[in-house]
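Architecture at a glance
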Amino acid sequence: TTGGALKYTAIAAGTWASAPSINTTRAFGGGLGIQTAAMFVGGSGGASSGNETETYDGSAWTTKNTINTTRNRMGVATQSPNAASLIFGGSYPNSAPGYKNQTETFDGTSWTTVPATLNTSRREFGGSAGASNSAALGFSGYTTTYITNVEEYDGSTWAEESDVNTARGVGGGGGTSADALFVAGLTPSFSAATETWDGTSWTTGNNANNARSYFGSGVTSSTSGLIFGGDAGPTPAAIDDKTEQWDGTSWTELADLAQQMEGCKGCGTSTLALAFGGYDSGGYLTATESWDQTILTVKTVTVS
């Protein structure tokens, strides 16, 4: 400090705990929001019709009005609140010509399809980001192959932005349209690649410790994020429970999920996150787990 005192902030180890279950078993939907105000939308498998919307208030999941275009593997504005949410792209069925370009916004009660459509219809987004229903970023994904294309939404139109460095799908990430993180996925081989977005270009960073796809994430920026679960490869359906945290420079492996979850979704921050849905060796899940890594009080170092 300016007075010459040395201070530090400690961070707790972090643990996963059981939380209230979602209402409809499914995987491969869209997850957005924060730990105490989350949304799980769309998906497939289990009891899903592909158009479900559920919101979470920290105590229970509540079924809301369905989306207009049935879909899974879509992009979302990952940090947007329930009352101003955005989804785009995806697929249903999971093969061409089922790839979508439609955009929908949520006002807290119902979904509205807006005129703006993606320039490139795609599913299995590599990742997506955004803070509201008027500002979002969708990156990479799959058409007939994995693509590098990035598009940004400004509330009216989708515009092409600088491409990612490594084309891949079903990765993870989040943040905002000006400050985002993109990690792992399929190229089609399993990838652990990390890229950060500064609003202008993508920069390749240090790889994650574990290559994976179809996992959940809670990412707020290019310097802070959490990823968990998924398919660990190198063969399909190697269901994973690993958790990794990003500090802007490197990935650190932390406490595992209580159960393995592939195709799960997530939201939140690197210290307060939520994982939900997906499937394990027993089938599709309604499971929800919450991540808590408390930042402890600032302390002063004293010497004698």
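Parameters and conventions
Residues numbered from 1 in each chain as written. Predicted model: local features only at pLDDT ≥ 70, side-chain atom pairs only at ≥ 80, totals over all residues. Heavy atoms only, no water. Helix = DSSP H or I, 4+ residues; strand = E, 2+ residues; numbered from the N terminus. Polar contact = N/O pair within 3.5 Å; in protein donor to acceptor, adjacent residues only side chain to side chain. Contact = heavy atoms within 4.5 Å. Pairing = 2+ DSSP bridges. Salt bridge = Lys/Arg side-chain N within 4 Å of Asp/Glu carboxyl O. Buried < 20%, exposed > 50% of the residue type's maximum accessible area, 1.4 Å probe, protein only. Core = buried A, V, L, I, M, F, W, Y, C linked by side-chain atoms within 4.5 Å. Disulfide = S-S within 2.5 Å. Patch = residues over 30% accessible without salt bridge, like charges linked within 9 Å, V, L, I, M, F, W, Y side chains within 5 Å. Areas by Shrake-Rupley, 256 points an atom, 1.4 Å probe, with all protein chains shown as cover. Axes fitted to C-alpha atoms, helices over the stretch in contact; angles between N-to-C directions.

Describing the side chain of glutamate 244
Looking at the secondary structure, you find glutamate 244 in strand E21 (residues 243-246). Within the structure, the side chain of glutamate 244 is placed 3.2 Å from the side chain of arginine 212, a separation counted as a polar contact. Once you skip the residues sitting within four places of it in the chain, glutamate 244 turns out to touch Ala208, Asn209, Asn210, Arg212, Gly225, Leu226, Ile227, Trp251, Thr252 and Glu253.

Considerations on the pairing of strand E18 (residues 202-205)
Within a regular strand, the side chains alternate between the two sheet faces. Here strand E17 (residues 190-197) pairs with E18 via four bridges, running antiparallel. Paired with tryptophan 197 across the two strands is tryptophan 202, which belongs to E18. The turn joining E17 and E18, which pair antiparallel and follow one another in sequence, is formed by four residues; a positive phi near 95° is taken by glycine 199.

Regarding the pattern of salt bridges
Throughout the structure, instances matching the rule amount to nine salt bridges. With a closest N to O distance of 3.8 Å, arginine 73 and glutamate 124 form a salt bridge. Taken together, the positions of arginine 73 in the loop between strand E6 (61-64) and strand E7 (75-76) and glutamate 124 in the loop between strand E10 (111-114) and strand E11 (127-132) put the pair 51 residues apart, joining distant regions of the chain. Owing to a relative accessible area of 13%, arginine 73 belongs among the buried residues under this scheme. Between arginine 212 and aspartate 240 there is a salt bridge, and its shortest N-O distance comes to 4.0 Å. Note that arginine 212 is positioned in the loop between E18 and strand E19 (216-221) and aspartate 240 in the loop between strand E20 (224-228) and E21, a separation of 28 residues in sequence.

Digging into the pairing of E11
Extensive coverage of E11 is indicated by the burial of five of its six residues. Bridge count for E11 against strand E12 (residues 135-142) is five bridges, and the pairing is antiparallel. Bridged to serine 128 within E12 is glycine 138. Counting the residues in the hairpin turn of E11 and E12 gives two residues.

Here we look at the nonpolar core
With eleven residues, the main nonpolar core is built from Trp16, Leu226, Phe228, Leu257, Met261, Cys264, Ala273, Ala275, Leu285, Ala287 and Trp291. Of all the secondary-structure elements, those providing two or more residues to this core are E20 and strand E24 (272-276).

Focus on the sheet that holds strand E8 (residues 85-88)
The strand order E7-E8-E9-E10 describes an open sheet built from four strands, whose pairing is antiparallel. For this open sheet the edge positions go to E7 and E10, each flanked by a neighbour on one side alone. With four bridges joining them, E8 and strand E9 (residues 103-106) adopt antiparallel strand pairing. Bridged to leucine 86 within E9 is threonine 105.

Comments concerning the state of the cysteines
Taken as a whole and judged by the stated rule, the model has zero disulfides. Sulfur of cysteine 264: no disulfide; nearest cysteine sulfur belongs to cysteine 267 and is 11 Å away. Judged by its relative accessible area of 2%, cysteine 267 is buried.

Some thoughts on a nonpolar patch on the surface
Together, Leu6, Tyr8, Val301 and Val303 make up a nonpolar patch on the protein surface, roughly 420 Å² of accessible area in all. Here tyrosine 8 lies in strand E1 (residues 6-11).

Some points on unusual backbone geometry
Of the consecutive residues tyrosine 92 and proline 93, the connecting peptide bond is found in the cis state with omega at 0°. As for its placement among the helices and strands, proline 93 is situated in the loop between E8 and E9. The backbone of glutamate 124 sits at a positive phi, close to 50°, despite the residue not being glycine. A positive phi angle, near 45°, is found at valine 170, a position not held by glycine. For valine 170, the location among the structural elements is in the loop between strand E14 (158-161) and strand E15 (172-176).

Examining the sheet that holds E19
Sheet architecture is open: four strands sit in the order E19-E20-E21-E22, paired in antiparallel fashion. Here the strands that pair on one side only, and so sit at the sheet edges, are E19 and strand E22 (251-254). Strand-to-strand, the axes of this sheet are offset by a mean angle of 15°, without reference to chain direction. The sheet contact formed by E19 and E20 spans five bridges and is antiparallel. Looking at E20, one finds that serine 217 is bridged to isoleucine 227.

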